[in-house]
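# A structural walkthrough
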Amino acid sequence: MSTSVHSPQSPERLGAPPHPLDNPAWAALTGPHAHLAERLGRAARYPVDVSPFTALADPADPSAWRDLATLVGQGNVTAVNGAITAPPEGWEIVESGQGVQLVDTALRVEPAPEAIRLGPDDVPEMLALVARTKPGPFLPRTVELGTYLGIRRDGRLVAMAGERLHPPGWTEISAVCTDPDHRGQGLATRLVRAVAAGIRQRGETPFLHAAAANTSAIRLYESIGFTLRRRTSFLLVRAPQPQGASESVRHADRA
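Residues numbered from 1 in each chain as written. Predicted model: local features only at pLDDT ≥ 70, side-chain atom pairs only at ≥ 80, totals over all residues. Heavy atoms only, no water.

On to unusual backbone geometry. Backbone geometry at Asp154 places phi at a positive 55°, although glycine is not the residue there. With respect to the helices and strands, the residue Asp154 is situated in the loop between β7 (148-153) and β8 (156-163). Here the phi dihedral of Ala175 falls at roughly 55°; this positive angle occurs in a residue that is not glycine. Note that Ala175 resides in strand β9 (residues 170-178). (Helix = DSSP H or I, 4+ residues; strand = E, 2+ residues; numbered from the N terminus.)

As C-alpha cells, this is what we get:
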C-alpha cells in the first residue's frame, strides 16, 4: 500500500480556500447537495433516511459543535467525519474509526454494458445486498445522492456501486459491494470504472473512502488507479445531555 499521505495545510497560511476533500461532507452539503441539507449555522446533516453523516464547517470551532448539538438534539447519537481532534467537553465518543481517502489519478474508466441504472424501485434489493456484504451505510433514500449501477445474475442483484458525497468538482464512489457467491469475477471493478466514467463525463474527479484496516480493498483501488490522499477519522458521537439528565438516569436505574 502506498505510504504517501497529503497533509492539508492551513488555508490562512497559504492564502487559499480549503480543499473540498479536506471536509467533503460540509463541502457537499453546502454545495451540490445543498437541496438535501438540514443546516443550522455552522453545522449540517443529511436527512436521517438518506445518510447518517453530519458535518461541521470547522471541527475545531466550538460554535459549530454547539450548532450540531441543537441540530441533532440533546443526547442523540450522530456520525461525524473529518473530526480529527476530540469533540468539546460534554460530547461522548460512542465509537471511532480510522479511514483513508483515495483519489483518482490514473483510473481507466469505461461503461459496463451489463450494468443497469438502479432507482427507488430497486431499493429493497439494494438494502438486502448491503445487509449481506456490509460495504458501509446505505439507507432507504441513499439512492438519491447520485447514480447507482448494478449487475444482475438470473434476475438477482449481485453487485453494485454508486455515488455518495458530492463536493464541488468531486464525486465519491461508495457502496461498492459484491454478493459473496459472485466474487472473483471483477464485477466491483467494472462497476467502479463505469460509475467513474459518468463522473468524469461531468468534468468531475472520482474519489472514495475505505476503512484503514481494509488493506485488501485499498490495494485493489490503488492497483486500478487511485492514490492515497490522506488519512481520515470517523466518529460516532453523542450530543451533550441536558444538565441533570445523567443524574436522573442514574436515579432511575437504582429505583
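Moving on, we get to the layout of surface pockets. Taken as a whole, the largest pocket spans an internal volume of roughly 1100 Å³. The wall of the largest pocket is formed by 43 residues, among which Pro135, Gly136, His209, Ala210 and Ala211 lie closest to the centre. For the lining of the largest pocket, the secondary structure elements donating two or more residues are β5 (92-104), β9, α5 (187-201), β10 (205-211), α6 (215-223) and β11 (226-238). The greatest single-element share of the lining of the largest pocket, amounting to seven residues, is contributed by β9. (1 Å grid on protein atoms, 1.4 Å probe; cavity = no way out; pocket = protein on both sides within 12 Å on 5 of 7 lines; lining within 4 Å. Points joined across faces, edges and corners; volume = space filled by probe spheres on them.)

Counting 28 residues, the largest nonpolar core has Ile173, Val176, Leu191, Val192, Tyr221 and Phe226 as its most contacted members. Taken together, the elements giving at least two residues each to this core come down to β5, β7, β8, β9, α5, β10, α6 and β11. Among the elements that take part in this core, α5 stands out by supplying eight residues, more than any other. When neighbours within four sequence positions are excluded, Val192 is seen to be in contact with Ile173, Val176, Tyr221, Ile224 and Phe226. By size, the runner-up hydrophobic cluster in this structure holds 17 residues, among which are Ala25, Ala28, Tyr46 and Val50. (Core = buried A, V, L, I, M, F, W, Y, C linked by side-chain atoms within 4.5 Å. Buried < 20%, exposed > 50% of the residue type's maximum accessible area, 1.4 Å probe, protein only. Contact = heavy atoms within 4.5 Å.)

In short, geometric facts, not functional conclusions.
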